[in-house]
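# Analysis of the macromolecular model
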Amino acid sequence: MTRAFYSFHFDNDVSRAGQVRNMGVVDGDQLVDDNSWEKVKRAGRDAVQTWINNQMTRSDVVIVLVGSQTASREWIDYEIRRAWDTYKPVFGIRINALKNLQGQTSQRGANPFDAIPIGNVPMSHYVPLHEPRGFDSREIYADIQRNILTWIRTAPSRAR
């Protein structure tokens with residue numbers, strides 16, 4: 001089974017990320033809880049980078065789960081760049097249409113790959129952001145579950 005590192009905005013999208021992670025299609029990184037993540041963050045930038053690097057080292061692919069504010073998050077930018085720099089396949093999936101624990105969806109956010117340059121073009125020129133299809137959260141979930149393995153198999157990585 002493929003092992004994924006999931007990159008997402010913890011505060012806004014942890015329950016949406018949990019839905020994708022728990023589909024049973026992909027073996028994912030350990031989903032960190034509030035207390036563990038706060039402990040890592042309190043230890044400082046170097047500790048956060050070490051945690052990310054260790055988690056990513058054990059993964060086969062990096063999946064960026066894109067919600068309303070994902071593109072503006074510093075650590076997501078770091079994770080995307082780290083994936084590219086270490087030749088990990090990487091791609092994104094929009095998850096804003098999945099309902100959170102309160103039954104709410106969120107606004108569509110910016111593409112985080114647009115803000116990262118690869119030479120003279122944005123990374124989004126090379127890295128796809130998949131838009132799951134469906135009219136409601138249940139259909140969006142089913143589309144992600146149906147397609148995630150194909151998206152993983154076709155995920156681009158930086159050429160060596």
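In this text, all values refer to a predicted model and were calculated from it rather than measured experimentally.

## Some details on the side chain of His-130
Examined against the element boundaries, His-130 turns out to sit in strand E7 (residues 129-130). At 3.3 Å, the side chain of His-130 forms a polar contact with the side chain of Trp-151. Ignoring anything within four residues of it in the chain, the contact list for His-130 reads Phe-91, Gly-92, Ile-93, Arg-94 and Trp-151.

## Section: the pairing of strand E4 (residues 90-94)
Most of E4 is tucked away: five of the five residues are buried. The sheet contact formed by strand E3 (residues 61-66) and E4 spans five bridges and is parallel. Note on E4: the bridge partner recorded for Val-64 is Gly-92. Regarding topology, helix H4 (residues 74-85) serves as the crossover connection from E3 to the parallel E4, and that connection is right-handed. When E4 meets E7, the two strands line up parallel, connected through two bridges. Paired with Gly-92 across the bridge in E7 is Leu-129.

## Description of H4
End to end, H4 covers 16 Å across twelve residues, agreeing with the expected 16 Å (1.5 Å per residue, within 8%). Close packing links the buried residues of H4 with strand E1 (3-7), helix H3 (45-57), E3, E4 and strand E5 (117-118). Taken from the residues just after H4, Tyr-87 is the one with a positive phi, measuring 65°.

## Examining the packing of H3 against H4
Contact pair H3 / H4: the axes reach a minimum separation of 11 Å and the direction vectors enclose 45°. Classified by the angle between their axes, H3 and H4 sit oblique to one another. As H3 runs across H4, the sense of the crossing is right-handed. On H4, the residues that touch Arg-45, Val-48, Gln-49, Ile-52, Asn-53 and Met-56 of H3 are Glu-74, Trp-75, Tyr-78, Glu-79, Arg-82 and Ala-83. Residue composition of the contact of H3 with H4, grouped by class: six nonpolar, two polar and four charged.

## Quick notes on the packing of aromatic side chains
Considering all chains together, one arrives at three aromatic pairs under this definition. Ring centres of Phe-8 and Phe-10 lie 6.4 Å apart, and the angle between their planes is 25°; this geometry places the pair in the stacked category. Residue Phe-8 is classed as buried on the basis of its relative accessible area, which comes to 14%. Plain terms: the ring middles of Trp-75 and Tyr-78 are 5.7 Å apart, the flat faces sit at 80° to each other, and that makes the pair edge-to-face. Here the residue Trp-75 and the residue Tyr-78 both occupy positions in helix H4, the gap between them amounting to three residues, near one helical turn. Since its relative accessible area comes to 16%, Trp-75 is described here as buried.

Cut-offs used in this document
- Residues numbered from 1 in each chain as written.
- Predicted model: local features only at pLDDT ≥ 70, side-chain atom pairs only at ≥ 80, totals over all residues.
- Heavy atoms only, no water.
- Helix = DSSP H or I, 4+ residues; strand = E, 2+ residues; numbered from the N terminus.
- Polar contact = N/O pair within 3.5 Å; in protein donor to acceptor, adjacent residues only side chain to side chain.
- Contact = heavy atoms within 4.5 Å.
- Buried < 20%, exposed > 50% of the residue type's maximum accessible area, 1.4 Å probe, protein only.
- Pairing = 2+ DSSP bridges.
- Right-handed = clockwise from strand over helix to strand, strands pointing away.
- Expected span 1.5 Å × (residues − 1).
- Axes fitted to C-alpha atoms, helices over the stretch in contact; angles between N-to-C directions.
- Parallel < 35°, antiparallel > 145°, perpendicular 65-115°, else oblique.
- Left-handed = near helix turned anticlockwise from the far one by under 90°.
- Nonpolar A, V, L, I, M, F, W, Y, C, P; charged D, E, K, R; others polar.
- Phe/Tyr/Trp six-rings, centres within 6.5 Å; stacked < 30°, edge-to-face > 60°.

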